[in-house]
Amino acid sequence: MIRCIADNISTPLGWTTAENLAAVRAGQSVIQVHTQRWDVPTPFCASLFPEGSIAQHFQSLANDNGKHYTRFEQLAICSIAEAQQQCDFPFASAAVVFVFSTTKGNIEQLNDPNTSDSASVHLGVAAQTITHYFNNPNPPIVVSNACISGVHAQIVAKRLLQTGLYRYAVVCGCDVQSKFIISGFQSFKALSDAPCHPFDAERCGLNLGEGAGTMVLERVEDVQLEQWLLAAGTVRNDANHISAPSRTGEGSYNALMAVLPTEQKKIACINVHGTATLYNDEMEAIALSRAGLQTIPMNGYKGYYGHTMGGAGVIETLLTLHALDAGLILGTRGFNQLGVSAPVSVSQSHRSTDKKTFIKLMSGFGGCNGALCWTKESSIAQEERVDKPTYSTTHRVHITPSCVEVDGKELIVLSDDENCLTAIYKEYVKDYPRYYKMDGLSRLGFLATELLLQAAREECNTAFLHNASVVFVSRSGSLADDKKHQSTIASVESYFPSPAVFVYTLPNIVTGEVAIRHKIYGETTAYILEEKNAEQIEQLLSLSFFDPTTSCVIGGWLEYTDGANFEADLVVLKRMA
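Bear in mind the structure is a predicted one, so any value in this text is a computation, not a measurement.

## What about unusual backbone geometry?
One non-glycine residue, W38, lies in positive phi territory at about 60 degrees. Locating W38 in the fold gives a position in the loop between β2 (32–34) and β3 (44–47). In this structure, N135 takes a positive phi of about 60 degrees despite not being glycine. Note that N135 resides in the loop between α4 (123–133) and β5 (141–143).

The structure is reproduced here in structure tokens:
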């Protein structure tokens, strides 16, 4: 079993979990209109730390070791250090693995004229910097799976502990805001110009927020005392659209049904994503209604914190966990009148409960949906039993700017120019015009997957692929598209952010493109590693088999710098009976 033994929440409402819980119980929020931050030319409404406060707290809490740390790194270190104080073992131990969840990490460094090396923006570099601060010897793992990153990081940590390789996992979800992110959401016209109203009839968009959440998980054989246990976690793709939720809530519903305990009457509440956008809230309400959970209390926290992106899944899980310890189902700030088509039990007021089980839901771009079940009921925690999976590698595709190999045989020799990927498309695919709308990373992943599945067509039919998992690991992630988006917001005079560019500034969008093409409804994710390590990559791919429904895993290394510098090294891993 996997239990939570320490935690921290650091947000503009407080630097500790206790301070955050007290603030939310009091109905507080610092979401407000900002007009003079980061040279964003139009006002925006968000929950932000006061300028300089992260650095000030970092100096009071941490040892800078004479090194420079970014705002993102400082915030993550502060949160982890607070959690470490609750532990009686060093985070420098080899028995501890660090798992980070973030969407954009140090992305604000792209706008820093003093930063000439774009590698400083790599999520893997930031993760290494943070783990080195704690002298941890293991390579850190970064989950960058859009809005569900914080939920998915908990699932990854649970599975890593189940392998027996580690005893403890430090899960840190963190994101800070910047002109880069604000402008992107503005391009989608997704931001509310006032504090948001989740699930309300008057909702008109989301607010963004900053924050970090850290939990320390431990693998134990038996639970002696009443403790919070991560009973189940799953991810499902809705294979519908890279930037819009399924109108039927397919992915969220499937993820929810996979983690529901048999005794639903023991569920205290369902903590949802609740962004206050028209389609997200509607989708979640439909998913809950389809699952027959309309009467179970539901709540969301975006009205207190805004959308903290990679931090949200961890922050919101911890807040729910501690609220239930206090006998409370926290209210949904900003909600007044139900504005979704399916009836759900949402309230702006706090409610009392003595139950100690809850479901956490999140959804994100790329069609991904995540769900967790946390409980203090040992009988519920024991429901999920997964044997260590066994699998075999059936096919491999390797693509570089000079050649394409399928199962070790050279398929085509490429010309070293910007159009070599399109040459592969014209020769071996031809019938999917959406290819021309994709960014470079998605084109690479799409083409490598096409060739892989053409080689595996006999064992990977349509029905088989429904329960497949798509897992890509990279170093640069979406950096090529990050630079494109940054060029559109370089100055007030040339400020023209495009949603068509911004949507691809998430490393997991390529997994959504593959899922849509092949109607894959299983798990999809994007990992970031600073080094290509074949053993670790295979380990990350094989984690998907801890989901008992996973038929096969399609994935591997997928690195794209530009049209002349890229590599795809993908495999099909098939579950063995």
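Back to the text.
## Quick word on empty space enclosed by the protein
Unfilled space is identified by rolling a water-sized probe across the atoms. Summed over all chains, the structure comprises four cavities of 30 Å³ or more. Space inside the largest cavity adds up to approximately 100 Å³. Around the largest cavity sit 14 residues that line it, and V121, L123, S476, S478 and D482 are the ones nearest its centre. Class assignment for the residues of the lining of the largest cavity results in six nonpolar, five polar and three charged.

## Examining the environment of H152
Among the secondary structure elements, H152 is positioned in helix α5 (residues 149–162). What makes H152 buried here is its relative accessible area of 0%. Taking the C-alpha atoms as reference points, H152 and M362, 210 residues apart in sequence, are found 9.3 Å from one another. Ignoring sequence-local partners within four residues, the contact set of H152 consists of V143, N145, V235, E523, T524 and T525.

## Things to note about the layout of surface pockets
Roughly 740 Å³ of internal volume is contained in the largest pocket. In terms of lining, the largest pocket is formed by 36 residues, of which the most central are A190, L206, S243, T277 and F365. Listing elements by their share of the lining of the largest pocket, those giving two or more residues are α6 (179–187), α8 (278–290), β15 (357–364) and β16 (368–375). Broken down by element, the residue count for the lining of the largest pocket peaks at four residues, all from α8. Grouping the constituent residues of the lining of the largest pocket by class yields 19 nonpolar, 14 polar and three charged.

## Observations regarding the environment of S542
Here S542 shows up in helix α18 (residues 534–542). Discounting residues that sit within four places of it in the chain, S542 has contacts with P389, Y391 and L573.

## Focus on the sheet that holds β2
Neighbouring strands of a sheet are bound in pairs by backbone hydrogen bonds; such pairs are parallel or else antiparallel. Read across the sheet, three strands follow the order β2-β3-β7 without closing on themselves; strand pairing throughout is mixed. Because the sheet does not close on itself, it has two edges, and the strands there are β2 and β7 (208–209). Two strands pair when backbone bridges link them, and β2 and β3 are joined in this way by three bridges, in the antiparallel orientation. For V33, the partnering residue across the bridge sits in β3 and is C45.

## So, the pattern of salt bridges
This model, assessed by the stated rule, comprises 21 salt bridges. For K104, the salt bridge goes to D482, with nearest N and O atoms at 2.9 Å. Taken together, the residues span a long stretch of sequence, with K104 in the loop between β4 (96–101) and α4 and D482 in helix α15 (residues 479–487) at a distance of 378 residues. Taking relative accessible area as the criterion, D482 reaches 5% and is therefore assigned buried. Residue R203 is joined to D281 by a salt bridge in which the shortest nitrogen-to-oxygen separation is 3.6 Å. Pair noted here: R203 is in the loop between α6 and β7 and D281 is in helix α8, with a separation of 78 residues, a long-range link.

## Looking at the state of the cysteines
Summed over all chains, the structure comprises zero disulfides. Not part of a disulfide, C172 finds its nearest cysteine sulfur in C174, a span of 5.4 Å. In this model C403 remains outside any disulfide bridge; the closest cysteine sulfur is found in C420, 11 Å from its own.

## Quick word on the packing of aromatic side chains
Per the counting criterion, the structure on display carries 24 aromatic pairs. With 3.7 Å between their ring centres and 15 degrees between their planes, F89 and Y168 make a pair best called stacked. Pair noted here: F89 is in the loop between α3 (71–84) and β4 and Y168 is in strand β6 (residues 168–175), with a separation of 79 residues, a long-range link. Of the two residues, F89 and Y168, neither departs from the other in class, the shared state being buried. A connected cluster of aromatic rings, assembled from ring pairs, spans F58, Y69, F89, F91, F98, F100, Y133, F134 and Y168. Sitting over the face of the ring of W38, R37 holds its NZ or CZ atom 4.7 Å from the ring centroid. Directly above the ring of Y279 sits R247, whose terminal nitrogen or CZ lies 4.2 Å from the centroid.

## Remarks on the nonpolar core
Ranked by internal contacts, the top residues of the largest apolar core, which has 110 residues, are L217, W374, I399 and Y527. Leaving out residues up to four positions away in the same chain, Y527 has contacts with I141, V142, V143, V156, V471, F472, V473, S474, L540 and L543. Grouped together as the second largest cluster of nonpolar side chains are 36 residues, F58, F91, F100 and I130 included.

## Details of the packing of helix α1 (residues 17–25) against helix α10 (residues 312–325)
α10 packs onto α1 with a crossing angle of 75 degrees between their chain directions and a minimal axis gap of 10 Å. Here α10 runs roughly perpendicular to α1, going by the angle between their axes. Facing T17, N20, L21 and V24 of α1, the residues of α10 in contact are L319, H322 and A323. Taken together, the residues that form the contact of α1 with α10 break down as four nonpolar, three polar and no charged.

Parameters and conventions
Residues numbered from 1 in each chain as written. Predicted model: local features only at pLDDT ≥ 70, side-chain atom pairs only at ≥ 80, totals over all residues. Heavy atoms only, no water. Helix = DSSP H or I, 4+ residues; strand = E, 2+ residues; numbered from the N terminus. 1 Å grid on protein atoms, 1.4 Å probe; cavity = no way out; pocket = protein on both sides within 12 Å on 5 of 7 lines; lining within 4 Å. Points joined across faces, edges and corners; volume = space filled by probe spheres on them. Nonpolar A, V, L, I, M, F, W, Y, C, P; charged D, E, K, R; others polar. Buried < 20%, exposed > 50% of the residue type's maximum accessible area, 1.4 Å probe, protein only. Contact = heavy atoms within 4.5 Å. Pairing = 2+ DSSP bridges. Salt bridge = Lys/Arg side-chain N within 4 Å of Asp/Glu carboxyl O. Disulfide = S-S within 2.5 Å. Phe/Tyr/Trp six-rings, centres within 6.5 Å; stacked < 30°, edge-to-face > 60°. Lys NZ or Arg CZ within 6 Å of the ring centre and 35° of its normal. Core = buried A, V, L, I, M, F, W, Y, C linked by side-chain atoms within 4.5 Å. Axes fitted to C-alpha atoms, helices over the stretch in contact; angles between N-to-C directions. Parallel < 35°, antiparallel > 145°, perpendicular 65-115°, else oblique.

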